[in-house]
Every structure is written in C-alpha cells, then in structure tokens.
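Residue-level listing of the chains:
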Amino acid sequence: MADEHPRFDPAQAAPFLTARSHNGWLGLAYRDHGEDWVELELPWRQDLLGEDGREVLASGPIISLMDMASGLAIWTRMGHFRAIATLDLRVDYTRPARGCSSVFGRAQCYRLTRSAAFVRGIAHDGDAEDPVAHMQAVFMSIDARHVELPNG
C-alpha cells in the first residue's frame, strides 16, 4: 500500500514556513539538508544588531534561527509535518558572530520517540569548525494528525 502523504521535503516546505510571522520578518532562508538535519541562514541586518556600535547580530534572532532549523530537522527525520512544541532549547555561545555576517544554523534531529524529539546543532558564520554557538533542544509532539502543507 502506497503512502498517501508525500515525504516531507524541507527544501520545498522551508520557503512557505520561513516566509510567515516572526521567521519571515527575520528573513530566514533554506540552505541545505540531509536525512536528519537542516541548515538555514539568518542574513545580517542593521536592525537585528545586539549592541549599538557593534555590527554583530543579537542573540534572540540566532535562537529563533535554531528553533526553526530544529523543527525542520525533526519533520525531515519524521518524514512528515506534525505539530510540535519546543520544550527546552539551550544555546551556549562560544563567541560573537563576525560583524556584518550572516549566521547559519544547522540542526540535527538525532533521536525520535513516540512523544519527543531530541535535537542538537550549531550556529556559525561561515566556518562550521569555528561555531558561534552550540544548541541542544527537546521538542514534543502535539498530536498524531498529519497536516498537509499548501504548495507555495
């Protein structure tokens, strides 16, 4: 019996999901993905600076970047879109992002259970070997219903 739901494709879904609400305002953009990970970009913008006089993105938008990348990684690993909620998301900053640089968030869903998803990742500004931050998170499933996303 063929699966009646197409497999979740983050490359196709990300433009729809990142164009709305807070994520749309931030300008998050899809970059790449694998079987259990997704990478998004947070473009540098003057109005997202953390401190006057420094050309460095604030931490709040980076947390939002990692939260959205985590959701996409979870759905990618599950193979379908399902309502989830962030239970715990911790971001440990190792250094400030480089001035006037985009920040990339790569999240990997490394474990799924019936009701929870475990994610880890990094934020970097072009060199994944020299991350801006490390992230660890836990998400919960809201319900078992499959949701069809519109094409577009």
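Each value, and the rule that gives it
- Residues numbered from 1 in each chain as written.
- Predicted model: local features only at pLDDT ≥ 70, side-chain atom pairs only at ≥ 80, totals over all residues.
- Heavy atoms only, no water.
- Axes fitted to C-alpha atoms, helices over the stretch in contact; angles between N-to-C directions.
- Helix = DSSP H or I, 4+ residues; strand = E, 2+ residues; numbered from the N terminus.
- Left-handed = near helix turned anticlockwise from the far one by under 90°.
- Contact = heavy atoms within 4.5 Å.
- Nonpolar A, V, L, I, M, F, W, Y, C, P; charged D, E, K, R; others polar.
- Patch = residues over 30% accessible without salt bridge, like charges linked within 9 Å, V, L, I, M, F, W, Y side chains within 5 Å.
- Areas by Shrake-Rupley, 256 points an atom, 1.4 Å probe, with all protein chains shown as cover.
- Salt bridge = Lys/Arg side-chain N within 4 Å of Asp/Glu carboxyl O.
- Buried < 20%, exposed > 50% of the residue type's maximum accessible area, 1.4 Å probe, protein only.
- Pairing = 2+ DSSP bridges.

Asker: When you look at the packing of helix α1 (residues 10-18) against helix α3 (residues 59-78) in this model, what are you seeing that I'm missing?
Answerer: Packing of α1 against α3 leaves a shortest axis separation of 11 Å and a crossing angle of 145°. Handedness of the crossing formed by α1 with α3: right-handed. Residues P10, A14, L17 and T18 of α1 lie in contact with α3, whose contacting residues are M68, L72, W75 and T76. Partitioned by chemical class, the residues of the contact of α1 with α3 number six nonpolar, two polar and no charged.

Asker: Help me understand a nonpolar patch on the surface in this model?
Answerer: Nonpolar side chains collect at one region of the surface, where L87, M140 and I142 lie side by side and expose about 270 Å² of accessible area between them. Within the fold, L87 resides in strand β3 (residues 84-93). In this structure L87 comes out as exposed when scored by relative accessible area, which is 52%.

Asker: Explain the pairing of strand β1 (residues 29-33) to me, please; I cannot follow it from the model alone.
Answerer: Regular strands show a simple pattern: their side chains alternate between the two faces of the sheet. Here β1 pairs with strand β2 (residues 37-42) via four bridges, running antiparallel. For A29, the partnering residue across the bridge sits in β2 and is E41. Linking two consecutive strands that pair antiparallel, namely β1 and β2, is a turn of three residues.

Asker: I keep staring at unusual backbone geometry and nothing clicks. Help me out?
Answerer: Residues other than glycine predominantly adopt negative phi, and peptide bonds predominantly adopt the trans conformation. Positive phi values are uncommon outside glycine, yet S21 reaches one of about 45°. You can see S21 is positioned in helix α2 (residues 21-26). The exposure class assigned to S21 is exposed, which follows from its relative accessible area of 64%. Its identity as a non-glycine residue notwithstanding, C100 has a phi of 60°, on the positive side. As for its placement among the helices and strands, C100 is situated in the loop between β3 and β4 (103-112). With relative accessibility at 49%, the residue C100 sits in the partly exposed group.

Asker: Could you clarify how one ought to interpret the pattern of salt bridges in this entry?
Answerer: For side chains of opposite charge, pairing can occur when their charged atoms come near one another. Tallied over the full model, the rule gives eight salt bridges. For the salt bridge of R106 with E39, the shortest nitrogen-to-oxygen distance reads 3.2 Å. Of this pair, R106 sits in strand β4 while E39 sits in strand β2, and the two are 67 residues apart along the sequence. Looking at E39, the relative accessible area reads 10%, which means it is buried. The partner of D130 in a salt bridge is R95, with the nearest N and O atoms 3.2 Å apart. Of this pair, D130 sits in the loop between β5 (116-124) and β6 (133-141) while R95 is found in the loop between β3 and β4, placing the two residues 35 residues apart along the sequence. Classification of D130 by relative accessible area gives partly exposed; the value is 29%. Among the ionic contacts, a cluster of salt bridges with common partners joins R95, R98, D125 and D130.

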